[in-house]
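# Results of the structural survey
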Amino acid sequence: GAEFVEAVRQADGLIVSAPGYHGSISGLVKNALDYLEDLARDERPYLDGRPVGLIATAYGDQATMSTLQ
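Residues numbered from 1 in each chain as written. Predicted model: local features only at pLDDT ≥ 70, side-chain atom pairs only at ≥ 80, totals over all residues. Heavy atoms only, no water.

Now for the nonpolar core. Val5, Val8, Leu14, Val16, Ala18, Ile25, Val29, Leu36 and Leu39 form the largest nonpolar core, which has nine residues in total. Elements that contribute at least two residues to this core include exactly helix 1 (2–10) and strand 1 (14–21). With three residues, the single largest contributor to this core is strand 1. In contact with Val29, other than residues within four places in its own chain, are Val16, Ser17 and Ala18. (Core = buried A, V, L, I, M, F, W, Y, C linked by side-chain atoms within 4.5 Å. Buried < 20%, exposed > 50% of the residue type's maximum accessible area, 1.4 Å probe, protein only. Helix = DSSP H or I, 4+ residues; strand = E, 2+ residues; numbered from the N terminus. Contact = heavy atoms within 4.5 Å.)

This part covers the layout of surface pockets. As a volume, the largest pocket reaches approximately 150 Å³. Around the largest pocket sit 13 residues that line it, and Val16, Ile25, Leu33, Leu54 and Leu68 are the ones nearest its centre. Looking at the lining of the largest pocket, the elements that each hand over two or more residues are strand 1, helix 2 (27–35), strand 3 (52–57) and helix 3 (61–68). Examining the composition of the lining of the largest pocket, we find that four residues originate from one element, strand 3, more than from any other. Here the lining of the largest pocket is built from residues that sort into twelve nonpolar, one polar and no charged. (1 Å grid on protein atoms, 1.4 Å probe; cavity = no way out; pocket = protein on both sides within 12 Å on 5 of 7 lines; lining within 4 Å. Points joined across faces, edges and corners; volume = space filled by probe spheres on them. Nonpolar A, V, L, I, M, F, W, Y, C, P; charged D, E, K, R; others polar.)

Summarising the element assignment, Val52 is placed in strand 3. Taking the C-alpha atoms as reference points, Val52 and Leu14, separated by 38 residues in sequence, lie 4.8 Å from one another. Setting aside residues no more than four positions away along its own chain, Val52 makes contact with Leu14, Val16 and Leu47.

So this is what it looks like as structure tokens:
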């Protein structure tokens, strides 16, 4: 987790790509996003000032959109 957090800390932007899993994102992606709590007290907290792109793959429009949300 520490290497991931440091990579995000240094990043100018972020792309999050997730498969649909029972109408949401997978547990692996949820866990990765939970690590971003370590950025809460940074000068640039969380993803502040960074563009974020979202990619979701799932079967059907409804499943894809619920994954993105």
